[in-house]
Amino acid sequence: MENELLDINKLLHIKKIYTKYIKSKTKDNSLACSYAIFAEVLNKKEIKSQQELSSLIGCNKAHTSRTILKMQNDGLVQKND
């Protein structure tokens, strides 16, 4: 149990550092943390499905779907048929 907690703390620390990196790179403080991770992956790779994106990021398909919808509504990504 203690090792699991340590791993979670490491992951949270990495997420915090990565968020700072993305924000400094984009110079956009309004970019939500979850958007930043999705935007980085979408920018670097050609993604064919939400399932593929979910697997790459390591989150569930429902979270991916909600985040992509929010990004579309904010004009950050366009739907690709």
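Each value, and the rule that gives it
Residues numbered from 1 in each chain as written. Predicted model: local features only at pLDDT ≥ 70, side-chain atom pairs only at ≥ 80, totals over all residues. Heavy atoms only, no water. Helix = DSSP H or I, 4+ residues; strand = E, 2+ residues; numbered from the N terminus. Expected span 1.5 Å × (residues − 1). Buried < 20%, exposed > 50% of the residue type's maximum accessible area, 1.4 Å probe, protein only. Arc of directions from axis to C-beta. Polar contact = N/O pair within 3.5 Å; in protein donor to acceptor, adjacent residues only side chain to side chain. Contact = heavy atoms within 4.5 Å. Salt bridge = Lys/Arg side-chain N within 4 Å of Asp/Glu carboxyl O.

Colleague: Kindly report on helix α4 (residues 61-73), identifying the contributing residues and their values.
Modeller: The end-to-end C-alpha distance of α4, which contains 13 residues, comes to 18 Å, matching closely the 18 Å that a straight helix rising 1.5 Å per residue would cover. Within the sequence span of α4, burial applies to T64, T67, I68 and M71. Each buried residue of α4 sits inside an arc of 100° when the element is viewed along its axis, so together they form one side. The N-cap of α4, judged by a side-chain oxygen 3.2 Å from the amide nitrogen of A62 a few residues on, is N60. Two residues or fewer after α4 comes G75, characterised by a positive phi angle close to 75°.

Colleague: Could you give me a rundown of the environment of T64, with the residues and numbers involved?
Modeller: Here T64 is to be found in helix α4. Taking the C-alpha atoms as reference, T64 lies 6.0 Å from S54; in sequence the two are 10 residues apart. Residues in contact with T64, not counting those within four places in the same chain, are F38, Q50, L53, S54 and C59.

Colleague: An account of the pattern of salt bridges is needed here, citing residue identities and associated values.
Modeller: This model, assessed by the stated rule, comprises one salt bridge. A salt bridge links E40 to K44, with the shortest nitrogen-to-oxygen separation between them at 3.8 Å. Here E40 and its partner K44 are both found in helix α2 (residues 33-44), four residues apart, which amounts to about one turn of the helix. On the basis of relative accessible area, E40 is assigned to the buried category, the value being 15%. Since its relative accessible area comes to 57%, K44 is described here as exposed.

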